[in-house]
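Understanding the architecture of this molecule
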Amino acid sequence: MLVSPVIDAAIAGVLGLLVGSFLNVVIYRLPKMLERQWAAEAADLTGQPVKQEPEFNLMRPRSKCRQCGHMIRWYENVPVVSYLALRGKCSQCGTSIGLRYPLVELATGALFFFCVHKFGMTPTGLAWCGFSAAIIALAMIDWDTTFLPDDITLPLVWAGLIAAALKWTSLPLAQSMWGAVAGYMSLWLIYKAFKLITGKEGMGYGDFKLFAALGAWFGWQALVPIILMASVIGAIVGIAMKLSSGLREGGVMPFGPFLAGAGLTALIFGPTAILEVVGL
């Protein structure tokens, strides 16, 4: 009986590695799928012919090397193991494979292990596994594109509310609902005030929705610690990138990854522990 929780967590960790491998596909393909959808909608609205393109979704076509087009075989796509066996290179052309791929898999596996070890192989544990997977995908997509897709943020908000309603989390439904409302409205008001004063947009609507999702999962009381940590870490990273000329064109740096990181910190250590981290 003493071993069972560890075995459950280990099984969840392996599942997390597999989910992490799929998240790599989502992170790369979902933004491109949305771009195609927007282009088709724009063409339809303007009466232009819609460009016919090959099928492209989360399942098709098969993954391939972006350099030589080599189709990835199943045994070259085993999470982490294949990367190590291939020494981080394409088996055909030798092009380097980004280290981020196994890191995403490892991070997802570790979070799944943690969630099931803490909450058990229960609806609560599995709900937090789903939360972790969505947060990782959002953080990476926003870092790459400065865009947080509604396809993930909105289901994450509803999932938090549903989990509270079904008592899969320790959060009362009322706190979850007001957390979502407060999360969205707080950043929306900051956005409006900043735009009114400067005439510029300081953040995107995706940030409002992600913060609403965090409010739905952790409650309105957790929003202040989460936004404090995200802001402090974001400021430190932003200054470091500016000093090293690492900021992208226009000096834009997405805020979503820092919100996501603060959310995962709240999951692992608890929202109140964040205040200690930022020195409050």
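Note that the structure is a prediction, hence the values are computed from the model and not measured.

Conventions and cut-offs
- Residues numbered from 1 in each chain as written.
- Predicted model: local features only at pLDDT ≥ 70, side-chain atom pairs only at ≥ 80, totals over all residues.
- Heavy atoms only, no water.
- Helix = DSSP H or I, 4+ residues; strand = E, 2+ residues; numbered from the N terminus.
- Rg over C-alpha atoms; globule rule 2.2 N^0.38 Å.
- Buried < 20%, exposed > 50% of the residue type's maximum accessible area, 1.4 Å probe, protein only.
- Contact = heavy atoms within 4.5 Å.
- Expected span 1.5 Å × (residues − 1).
- Core = buried A, V, L, I, M, F, W, Y, C linked by side-chain atoms within 4.5 Å.
- Disulfide = S-S within 2.5 Å.
- Phe/Tyr/Trp six-rings, centres within 6.5 Å; stacked < 30°, edge-to-face > 60°.
- Salt bridge = Lys/Arg side-chain N within 4 Å of Asp/Glu carboxyl O.
- Axes fitted to C-alpha atoms, helices over the stretch in contact; angles between N-to-C directions.
- Parallel < 35°, antiparallel > 145°, perpendicular 65-115°, else oblique.
- Left-handed = near helix turned anticlockwise from the far one by under 90°.
- Nonpolar A, V, L, I, M, F, W, Y, C, P; charged D, E, K, R; others polar.

**Things to note about the overall build of the chain**
In terms of regular secondary structure, the chain is built from ten helices and zero strands. Each helix (α) and strand (β) of the chain, taken in turn from the N terminus, gives the series α-α-α-α-α-α-α-α-α-α. On C-alpha atoms alone, the chain measures out to a radius of gyration of 20 Å, which is about the 19 Å that the 2.2 N^0.38 rule sets for 280 residues. Relative to its full complement of 280 residues, the chain shows a buried share of 39%. A separation of at least 24 residues holds for 68% of the contacts in the chain among residues at least 6 apart in sequence.

**Here we look at helix H9 (residues 256-269)**
Within an α-helix, residues lying three or four positions from one another point in the same direction, as the helix has 3.6 residues per turn. End to end, H9 covers 20 Å across 14 residues, agreeing with the expected 20 Å (1.5 Å per residue, within 8%). Where burial is concerned, most of H9 is hidden: eleven out of the 14 residues are buried. Considered for burial, the residues of H9 that qualify are Gly-256, Pro-257, Phe-258, Leu-259, Ala-260, Ala-262, Gly-263, Leu-264, Thr-265, Ala-266 and Leu-267.

**Some words on the nonpolar core**
Phe-131, Leu-156, Phe-218, Ile-226 and Leu-259 are the most contacted members of the largest nonpolar core, which has 58 residues in total. If you list the elements that add at least two residues to this core, you get helix H1 (4-46), helix H3 (100-119), helix H4 (123-145), helix H5 (150-165), helix H6 (173-198), helix H7 (205-218), helix H8 (223-243) and H9. With 13 residues, H4 is the largest single contributor of residues to this core. The contacts of Leu-156, once residues within four sequence positions are left out, are Phe-131, Ala-134, Ile-135, Leu-138, Leu-210, Ala-213 and Trp-217.

**Some remarks on the state of the cysteines**
Within the structure shown, the criterion is met by zero disulfides. With no disulfide partner, Cys-93 has as its closest neighbouring cysteine sulfur the one in Cys-68, 3.6 Å distant.

**Considering the packing of aromatic side chains**
Following the criterion strictly, the structure yields twelve aromatic pairs and no others. Seen in terms of ring centroids, Phe-131 and Phe-218 are 5.6 Å apart; in terms of plane orientation they differ by 85 degrees. Their pairing is edge-to-face. Here the residue Phe-131 occupies a position in helix H4, and Phe-218 occupies one in helix H7, the gap between them amounting to 87 residues. For the pair Phe-131 and Phe-218, a shared accessibility class is recorded, and that class is buried. Seen from their ring centres, Tyr-184 and Phe-208 are 5.5 Å apart, and the 85 degrees between their planes marks the pair as edge-to-face. Taken together, the residues span a long stretch of sequence, with Tyr-184 in helix H6 and Phe-208 in helix H7 at a distance of 24 residues. Here Phe-208 falls in the buried class, since its relative accessible area comes to 0%. Grouping aromatic residues by their ring pairs yields a cluster made of Phe-119, Trp-128, Phe-131, Trp-217 and Phe-218.

**What about the environment of Ala-134?**
Relative to the helices and strands, Ala-134 resides in helix H4. Judged by its relative accessible area of 15%, Ala-134 falls in the buried class. When the C-alpha atoms of Ala-134 and Leu-23 are compared, they prove to be 8.6 Å apart, with 111 residues separating the residues in sequence. Discounting chain neighbours no more than four positions away, the residues touching Ala-134 are Ile-152 and Leu-156.

**A short note on the pattern of salt bridges**
Enumeration according to the criterion identifies four salt bridges in this entry. Residue Asp-144 is joined to Arg-100 by a salt bridge in which the shortest nitrogen-to-oxygen separation is 2.8 Å. With Asp-144 in helix H4 and Arg-100 in helix H3, this pair connects stretches of sequence that are 44 residues apart. We note a salt bridge from Lys-209 to Asp-150, for which the minimum N-O separation is 2.7 Å. In this pair, Lys-209 is assigned in helix H7 and Asp-150 in helix H5, connecting sequence segments 59 residues apart. Among the residues examined, Lys-209 registers a relative accessible area of 17% and is labelled buried.

**As for the packing of H4 against H5**
Remark: H4 packs on H5, axes separated minimally by 10 Å, with the N-to-C direction vectors making an angle of 150 degrees. Considering the angle they form, H4 stands roughly antiparallel to H5. Taken as a pair, H4 and H5 cross one another with a handedness that is left-handed. Between H4, through Phe-131, Ala-134, Ile-135, Ala-137, Leu-138 and Ile-141, and H5, the contact on the second element is made entirely by Ile-152, Thr-153 and Leu-156. Within the contact of H4 with H5, the residues separate by chemical class into eight nonpolar, one polar and no charged.

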